[in-house]
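For reference, the chains in residue letters:
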Amino acid sequence: RYAAAIAVLVTSVSLFVFYQREHRLPKEKVLKISADFLEVDGVKVSQCMEEMLFDRSLIEDEIDGKKFVFSPNVHLCEMYIASRIKMLLKFPSEKIKDIDKAIEKCEKEDGIEYADLQKQAITMALTEGMLVLTGGPGTGKTTTLNAIIKIMKAKGKTVLLSAPTGRAAQRMSELTGDEAKTLHRLLEVSWDKHDNPIFNKNERNQLKCDALIVDEVSMVDTFIMESVMRALAIGCRLILVGDSDQLPSVGPGNVLSDLIESGLIPVVRLNEIFRQAQQSLIVTNAHKIVNGEMPVLNSADKDFFFLQRNNKSEVSTVITDLCANRLPKAYGYSPFENIQVLAPSKKGELGTPELNHKLQAALNPKDDEKPEITIGSKTFRTGDKVMQIKNNYDIRWFRENGETGEGIFNGDIGILSLIHI
C-alpha cells in the first residue's frame, strides 16, 4: 500500500532529469510528502522507499550533490532525450551557406526588415544542429519561422512541420502556408491492446527530412519528446518553437522550459513587441501579466475588454449576450466561426456543460425542422457548433468537395450538419 502511494506521488510530479531543479523530485521531499499523505511514521516510508530503490521500482540519481528519485519509465525517457540531444549538438547537419544574402532576399521579397534577434535566430537555425526559438505573443516567432522555412526550401532542404495538437497544427499550417501534422500523425501512431500509443516512426524507421520544426513545444511532455528524438536521424536539424511562459504539458516533464534553463542548447528569445502587435491590448496585457504587472482593464477602444460582474448569473447572461448579440452586431462576427468561449472549469453555472447548454439555446434553439438526438445529458442538434474532445486516429472523413482524410483530434471544431435517427 505504501509503495503504491509513493509511486503515484513520484509519477505525478513533473520531472526532467538533467535540468531545472524545481521540476525534479528531491528524495527528502518525497519522504515527507509520502509520510504526510499516508499519515504514518516517516521511518516506515523510508524503509519502503529503500526497498523500492533496491528492486528498481524507483530510481535514485544524484544531481549536483543532491539525491532525486524518479519513476523508472520517466528516468529512461529523460536519459534517452539527453543522449540524443548531445548527439544532435555533437554531429550537426551541414551549415547552410550565404545566409546573409538569403535573409536579404527574403526581406526584399516580403517587404519586411527583420530585427537583429530574428536574424540571429534565422542564422542559428541554419547553422546549428538544434535551436529553441521562444518569445511571447507579438514578438515575431511566426515571421522568423517563415524565413527559416523559405530559406531551407530554397536551398533544396526537406522541412517537416508539426505541433502537439490538431488545433496547433492547423494554426501552424495557416501561418506558414505549409502542411503541419500533429506529432502523433507525423510519428504514425498506432495503439496496442492496452490503448497505449506505439509510434511506427522510430530508430529503425526514421523521419525523412533535413529539418523538423515543432511548434507549441510547451505542450510537449517527456514521453512524446522521447518519441520525437527516436524518430530523428543524426544530421537532421531540430527547431523547437514555443512560449516558455505558457502552462507546461499535461503529462510529465516541462520540456521547453527545462531545455531553455539548461544553458546547453542554442536559444533565441525574441523580446521585442512589433509595432502592429503593440496595437493589440491582448498582446501588451499578456506581456504585462508575465512581467508581474497589472494589465490595463479600463480601455474600451482596442481588442481587450474587461467586463466586471459580481455574481454567476450575471456572468452567464453577459457571455450569452456577447456571443449571440453584442459581438456580432458591433464587429460582424459570426458566433459559429469567429467566437470561442473559454471556461476555467466543467463544474457549476459557469462550467462548460452549463454554458454550452445556454449558448445552444441562444444560438441554435430547438426547432421542429432541425433533427436532434440526446445522448446522456447532452442534446445534439443540427446546426450546433461542436468540438472534438478526444483524439481518434482511425476515423476516415469525407467532404462534399471530394476531400478525404483520416483521424480527428482533440480541439477540432465543426458544425453538426447531419443527424441520422
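To be clear, the structure that these remarks concern was listed above.
Scope of this entry: the structure provided in the associated data block. Only a predicted model underlies this, so the values are computations on that prediction, with no experimental measurement involved.

Moving on: the overall build of the protein chain. Looking only at helices and strands, the protein chain features 15 helices and 16 strands. Split into buried and exposed, the 421 residues of the protein chain put 41% on the buried side. For the protein chain, the computed accessible surface area is about 24,200 Å², with 52% contributed by carbon and sulfur atoms. In the protein chain, the 53 positive side-chain charges and the 58 negative ones have mean positions that sit 2 Å from each other.

In this model, helix H15 (residues 352-363) (twelve residues) spans 16 Å end to end at C-alpha, consistent with the 16 Å of a helix rising 1.5 Å per residue. Inspection of H15 places Leu 355, Leu 359 and Gln 360 among the buried residues, and these make up the whole buried set. Buried residues of H15 fall within an arc of 135° about the axis and therefore sit on the same side. Looking at the packing, one finds that the buried side of H15 touches helix H14 (312-331) and strand E12 (378-381).

What follows is about the pattern of salt bridges. The tally for this structure, following the rule as stated, stands at 14 salt bridges. The residue Arg 171 makes a salt bridge to Glu 174 at a minimum N-O spacing of 3.4 Å. One end of the pair, Arg 171, and the other, Glu 174, are both in helix H8 (residues 166-176), three residues apart, so they sit about a helical turn from each other. Between Lys 288 and Glu 293 there is a salt bridge, and its shortest N-O distance comes to 3.6 Å.

As a further point, take the pairing of strand E10 (residues 267-270). Every second residue of E10 is oriented toward a common face, the buried set being Val 268 and Leu 270 and the non-buried set Val 267 and Arg 269. In this structure, strand E3 (residues 130-135) lies alongside E10, joined through four bridges in parallel fashion. Within the sheet, the bridge partner assigned to Gly 135 lies in E10 and is Leu 270.

Reading the values: rules and limits
Counting from 1, residues in each chain are numbered in the order their sequence is written. Given that the model is predicted, a residue must reach a pLDDT of at least 70 before its local features are reported, and side-chain atom pairs must reach 80 or more before they are shown or counted; all residues, however, enter totals for whole chains, interfaces and linings. Calculated side-chain values reflect all of the structure's heavy atoms, with hydrogen atoms and water omitted. In this description a helix means any DSSP run of H or I spanning at least four residues, a strand means any run of E spanning at least two, and both kinds are numbered starting from the N terminus. Type-normalised accessible area, obtained with a 1.4 Å probe on protein chains alone, sets the label of each residue: buried when under 20%, exposed when over 50%, and partly exposed for intermediate values. The Shrake-Rupley method, run with a 1.4 Å probe, gives the accessible areas here. Residue values count only the displayed protein chains as cover. Positive charges come from Lys and Arg alone, negative charges from Asp and Glu alone, with His and the N- and C-terminal ends not counted. Here the site of a charge means NZ on Lys, CZ on Arg, CG on Asp, or CD on Glu. Helix span is expected to be 1.5 Å times the residue number reduced by one. Here the arc refers to the directions that run from the helix axis out to each C-beta atom. Every residue pair with non-hydrogen atoms within 4.5 Å of one another is taken to be in contact. Any carboxyl oxygen of Asp or Glu that lies within 4 Å of a side-chain nitrogen of Lys or Arg is treated as forming a salt bridge with it. Strand pairing is defined by DSSP finding a minimum of two bridges between the two strands.

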